[in-house]
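This is what each chain is made of:
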Amino acid sequence: MLKISIIDSRTHRRLVLEGKLVGPWADEVRPAWERAKAELGGRELVVEVKNLIVINQAGENVHLELMREGVKFRGCGVIARQILKELARRVERKDKEK
């Protein structure tokens with residue numbers, strides 16, 4: 001199961017992803033990001049990954065797509081931060097190949 005939350009502050013809006021980022025739940029990330037992106041009112045949007053239990057290729061793919069579009073990510077926890085670092089490296093390698 002994947003829990004998706006939107007948390008607003010005066011300067012930021014956070015899209016928080018928690019749990020299993022696999023299969024059909026991974027497909028929910030992009031529409032959730034699109035909804036969170038609406039009505040920002042000048043605030044910054046950050047995708048926060050925390051309490052990540054599992055991520056499969058579908059989950060990685062959606063993160064890579066959003067990273068390539070310039071979406072800012074923040075990882076909470078050792079596993080989430082490590083996964084985000086590895087995905088960021090993959091994006092950088094792809095960009096250098098172009």
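So, here's what we can say about the structure. (Residues numbered from 1 in each chain as written. Predicted model: local features only at pLDDT ≥ 70, side-chain atom pairs only at ≥ 80, totals over all residues. Heavy atoms only, no water.)

A separate point is the environment of Glu-44. The residue Glu-44 is located in strand β3 (residues 44-55) in this model. Spatially, the C-alpha atoms of Glu-44 and Met-67 are 15 Å apart, while their sequence positions differ by 23 residues. Once you skip the residues sitting within four places of it in the chain, Glu-44 turns out to touch Thr-11, His-12, Arg-13 and Lys-72. Here the side chain of Glu-44 touches Lys-72 through a polar contact of 2.5 Å, side chain to side chain. (Helix = DSSP H or I, 4+ residues; strand = E, 2+ residues; numbered from the N terminus. Contact = heavy atoms within 4.5 Å. Polar contact = N/O pair within 3.5 Å; in protein donor to acceptor, adjacent residues only side chain to side chain.)

Using the criterion set out here, one finds 12 salt bridges in the structure. Of the charged contacts, one joins Arg-14 and Glu-48 as a salt bridge, the two residues approaching to 2.9 Å between their closest N and O atoms. Residue Arg-14 is found in strand β2 (residues 12-21), and its partner Glu-48 is found in strand β3; the two are separated by 34 residues along the sequence. With relative accessibility at 25%, the residue Arg-14 sits in the partly exposed group. Shared partners join several salt bridges into a network, and the residues in it are Arg-30, Glu-34, Lys-37, Glu-65 and Glu-69. (Salt bridge = Lys/Arg side-chain N within 4 Å of Asp/Glu carboxyl O. Buried < 20%, exposed > 50% of the residue type's maximum accessible area, 1.4 Å probe, protein only.)

One full turn of an α-helix is made of 3.6 residues, so residues set three or four places apart face in the same direction. Counted at 1.5 Å a residue, the expected span for helix α4 (residues 78-97) with its 20 residues is 28 Å, and the 29 Å between its end C-alpha atoms agrees. If you check which residues of α4 are buried, you get Ala-80, Ile-83, Leu-84, Leu-87 and Val-91. One face of α4 carries all of its buried residues, which in axial projection span an arc of 100°. Opposite the buried face of α4, by more than 90 degrees, sit the exposed residues Val-78, Lys-96 and Glu-97. Close packing links the buried residues of α4 with β3, α3 (57-68) and β4 (72-76). (Expected span 1.5 Å × (residues − 1). Arc of directions from axis to C-beta.)

This part takes up unusual backbone geometry. A positive phi is found at Glu-39, a non-glycine position, where the angle reads about 55°. Positive phi, close to 50°, is recorded for Asn-51, a residue that is not glycine. Structurally, Asn-51 can be placed in strand β3.

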